[in-house]
Amino acid sequence: MIGKKIEELFKQPTENLMIPSSDVAIVHETDSLVHAILVLTSSGYQTIPVLDDENCVRGLISISQIMAHADGISIFDEEKLAQLKVGDVMNQMVPILFDNYNLEDVLRLLINNNFICITHKNGYFLGIIPRKIVLERFTNIAHTLEDKYELIEK
C-alpha cells in the first residue's frame with residue numbers, strides 16, 4: 001500500500017493525472033484503417049484508443065496491430081486499407097480504470113502499458129493517464145523528498 005505522504009506528494013502540483021479525452025488522439029471502430037494510419041502518424045503516438053459511437057472504449061489500435069492483421073496488404077495499399085475497419089483489427093485488451101481510480105491501481109496497470117484509459121462506470125471515455133506523467137511525478141518526488149522531509153530509518 002502506498003503511504004499517504006507519498007500519495008500527497010504525488011498529487012502535486014495537481015491532483016489530476018489524466019489527459020482529458022478532448023486532448024487525446026482517438027479513432028472510432030467504424031473508421032477505415034487508412035484513417036487510423038493517418039491519425040496514428042500525425043499524432044506521433046504508437047497506440048491510441050478506439051471508441052464506439054457512444055464514446056465508449058472498445059479497443060486499442062497501432063500500426064503494428066494493423067500490419068499484423070492486414071494479411072498480404074501493404075501499408076501503402078490505400079484501396080484495400082480503406083475497405084477494412086478499425087474494429088476488425090483492434091486489440092480488445094484495454095487497460096481501463098473507472099474515474100474513481102486509486103494510485104495503486106494506476107501503477108499496477110502502467111507496468112505493462114504506456115497509458116490507461118479512464119472511463120465512467122458506463123464505459124464513457126474520459127481520457128488517459130500516460131506512463132510519462134506518472135514517471136515525471138515520481139522523478140520529482142525522488143529529487144525533492146529529502147528537501148521537504150527529514151528521513152529517519154525505523
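The rules behind each value
Note on numbering: residues in each chain are counted from 1, in written sequence order. In view of the model being predicted, local features appear only for residues whose pLDDT reaches at least 70, and side-chain atom pairs are presented and counted only at 80 or more, with totals across whole chains, interfaces and linings using the full set of residues. With hydrogens and water stripped out, all remaining heavy atoms of the structure feed into the side-chain values. The helix and strand labels rest on DSSP assignments: H or I over at least four residues marks a helix, E over at least two residues marks a strand, and numbering proceeds from the N terminus. Burial here depends on accessible area, computed with a 1.4 Å probe over protein chains only, as a share of the maximum for the residue type. Under 20% is buried, over 50% is exposed, and the range in between is partly exposed. Calculation of accessible area relied on Shrake-Rupley with a 1.4 Å probe; when residues are assessed, cover is drawn exclusively from the protein chains displayed. In this charge count, Lys and Arg are treated as positive and Asp and Glu as negative; neither His nor the chain ends contribute. Charge positions are represented by NZ for Lys, CZ for Arg, CG for Asp and CD for Glu. The pairing criterion for strands is at least two bridges between them, as found by DSSP.

**Q** Tell me about the overall build of the protein chain, residues and numbers included.
**A** A tally of regular secondary structure across the protein chain gives seven helices and seven strands. Its helices and strands in sequence order give the protein chain the pattern α-β-β-α-β-β-α-α-α-β-α-β-β-α, from N to C terminus. Over its C-alpha atoms, taken along the principal directions, the protein chain stretches across nearly 65 × 30 × 25 Å. The buried share among the 154 residues of the protein chain stands at 38%. A total of about 9,700 Å² of accessible surface is found on the protein chain, and carbon and sulfur atoms cover 52% of it. If the 13 positive side-chain charges of the protein chain are averaged to one point and the 22 negative ones to another, these points end up 7 Å apart.

**Q** Summarise the pairing of strand E7 (residues 125-130); cite the residues concerned and give the values.
**A** Extensive coverage of E7 is indicated by the burial of six of its six residues. Pairing geometry for strand E1 (residues 19-20) and E7, over two bridges, is antiparallel. Within E7, the position partnered with Pro-20 by the bridge is Gly-127. In textbook terms, the turn of a hairpin is the stretch between consecutive antiparallel strands, and for strand E6 (residues 115-119) and E7 this stretch comprises five residues, one of which, Gly-123, has a positive phi near 95 degrees.

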